[in-house]
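One letter stands for each residue in the lines below.
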Amino acid sequence: MDTRESEGYVYVRERAAMDKLIQRIGAAERVALDTDSLHNYFEKVCLIQLSLGGEHYLVDPLCDLDLTGFSEALAEKPLILHGGDYDLRMMRASMGFRTRREVFDTMIAAQLLGFEQIGLAALTERFFAITIGKEGQKSDWSHRPLSDKQLRYAVNDTRFLERLADRMHGELDERERVDWHRESCRAMVESTGRDHARDPEEAWRIKGAGRLTRRQLAYLRELWRWRDQHARSANLPAFRVLDNQEILGLVQWAESHPGVPLYQGPKLPRNIVGAQLTTLEEAIARVADMDETEWPEPRKRDHDALRNDCIEEINSLRAECAQIAQELEIAASTLAPRAALEAIARSRPRTVDEIMKTGDLLCWQAELVQGAVEKCLHSTRLS
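All values derive from a computational prediction rather than experimental measurement.

### Considerations on the overall build of the protein
In terms of regular secondary structure, the protein is built from 17 helices and seven strands. For the C-alpha atoms alone, the extent of the protein along its principal axes is close to 65 × 65 × 35 Å. Looking at the protein as a whole, 46% of its 383 residues are labelled buried. Put simply, 67% of the contacts in the protein that link residues at least 6 apart link residues at least 24 apart. As displayed, the protein has an accessible area near 20,200 Å², and 46% of this comes from carbon and sulfur atoms. Between the centroid of the 53 positive side chains of the protein and the centroid of its 64 negative side chains there is a distance of 2 Å.

### A word on the pattern of salt bridges
Scanning all chains against the criterion turns up 21 salt bridges. Among the ionic pairs, D19 bridges to R15, the shortest N-O distance being 3.1 Å. Of this pair, D19 and R15 both sit in helix α1 (residues 15–27), four residues apart, which is roughly one turn of that helix. Given a relative accessible area of 36%, D19 falls into the partly exposed group. With a shortest N-O distance of 3.7 Å, R214 and E297 are connected by a salt bridge. Of the two residues, R214 is situated in helix α9 (residues 214–234) and E297 in the loop between α12 (274–288) and α13 (302–328); the sequence distance between them amounts to 83 residues.

### A few points about α9
Every α-helix winds through 3.6 residues per turn, so residues three or four apart in the chain are directed the same way. Given a rise of 1.5 Å per residue, 21 residues ought to cover 30 Å, and the 30 Å separating the end C-alpha atoms of α9 matches this to within 8%. Just past α9, the residue N235 takes up positive phi, approximately 50°.

### Here's the deal with helix α16 (residues 352–359)
Taken as a whole, α16 has its buried residues at V352, I355 and G359. For α16, the angular spread of the buried residues around the axis is 60°, confining them to a single face. Set apart from the buried face of α16 by more than 90 degrees, the exposed residues are D353 and K357. At its buried positions, α16 is contacted by α15 (338–347) and α17 (363–379). Backbone geometry just downstream of α16 places D360 in the positive-phi region, at approximately 55°.

### Observations regarding the side chain of T99
As for its placement among the helices and strands, T99 is situated in the loop between α3 (84–95) and β7 (103–105). Look at T99 and you get buried, because its relative accessible area is 11%. In this structure the side chain of T99 is engaged in a polar contact, spanning 3.3 Å, whose partner is the backbone nitrogen of R101. Each residue touching T99, except ones within four places of it in the same chain, is listed here: A75, K77, L79 and V189.

### Overview of the packing of helix α8 (residues 178–192) against α17
Two numbers describe how α8 lies on α17: the axes approach to 8 Å, and their chain directions differ by 125°. In this view, α8 runs oblique relative to α17, as classed from their interaxial angle. Contacts from W180, E183 and S184 in α8 reach C363, W364 and L368 in α17. Each residue belonging to the contact of α8 with α17 can be placed in one class, and the counts come to four nonpolar, one polar and one charged.

Thresholds applied
Residues numbered from 1 in each chain as written. Predicted model: local features only at pLDDT ≥ 70, side-chain atom pairs only at ≥ 80, totals over all residues. Heavy atoms only, no water. Helix = DSSP H or I, 4+ residues; strand = E, 2+ residues; numbered from the N terminus. Buried < 20%, exposed > 50% of the residue type's maximum accessible area, 1.4 Å probe, protein only. Contact = heavy atoms within 4.5 Å. Areas by Shrake-Rupley, 256 points an atom, 1.4 Å probe, with all protein chains shown as cover. Lys, Arg positive; Asp, Glu negative; His and termini not counted. Charge placed at Lys NZ, Arg CZ, Asp CG, Glu CD. Salt bridge = Lys/Arg side-chain N within 4 Å of Asp/Glu carboxyl O. Expected span 1.5 Å × (residues − 1). Arc of directions from axis to C-beta. Polar contact = N/O pair within 3.5 Å; in protein donor to acceptor, adjacent residues only side chain to side chain. Axes fitted to C-alpha atoms, helices over the stretch in contact; angles between N-to-C directions. Parallel < 35°, antiparallel > 145°, perpendicular 65-115°, else oblique. Nonpolar A, V, L, I, M, F, W, Y, C, P; charged D, E, K, R; others polar.

Here it is in structure tokens:
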């Protein structure tokens, strides 16, 4: 067992250490959990952090350990996570993990308490006046060996979660929002058990694509496919090849500078040289030679027609819900996302169940907005 006593954690990389950890999990009341899973195209869990009863463990899943017993033991324990949606999805994909007990998510708690800053570092500072460094945020967790600095950083992802959950549960209880939180966490866990397959023909439509012309969309599609191919072949996350903002900037430049050599264009990451640079130039050239009939169409937006048909109802409902959220001291989007309110305005539901189904809202959300729905869509019909 690799025990870093001076740092207060156990680094689990061998069978004997794993067996002892499984026993410890079995005796624990609950487990704080986090993962690090970046820096691969085919994402995988690279490190698992756990805290239980004031003890801290780092499990290395890249050491050819059999994680079956570990996963089974963990599934039977209540979990504490921060922004656990991604962690649970990654653990399901990497090791088939599915929790069978309740989850307390501190990020969801922060949203329901109306905190403006909901990151783990901000919450640790708020409740304990402890500053957590951010120097490890962009570490390559797939590279071995991990440095002591990386390990110390990783431990802090769960070190304070048990205490944090206790404090935040108290505040939720004081404001009578424990049931909101329990329902929200349950919905989050359920969503991580569903596959969210993306349409390969639409995956290139990144955030910001809706503002582009058809010709610009053609550039975006080719550049996205170029990036995806190189990220896949190098087994890197796409942003390590070219991030979305760099792609959008290159789209704008390529459209406005036809025939201009790429070396005269925007500054590219240093890794884009040789064959990568050549294929990037070829991708841009393909669009320049492309017939207009081959340009992609803008994505059809049902909500555009919706806004035209019932814009007054939408604005009235949004304003009413914003007032409710303000009184509750939470973000309006936490109460009900804009898309949900638009769907509700179109379908005009009345009961809590109908509002839940139409707006894809949780019960506590639907109950809170029901009065606004009745007032804006039924009691007063806007002309």
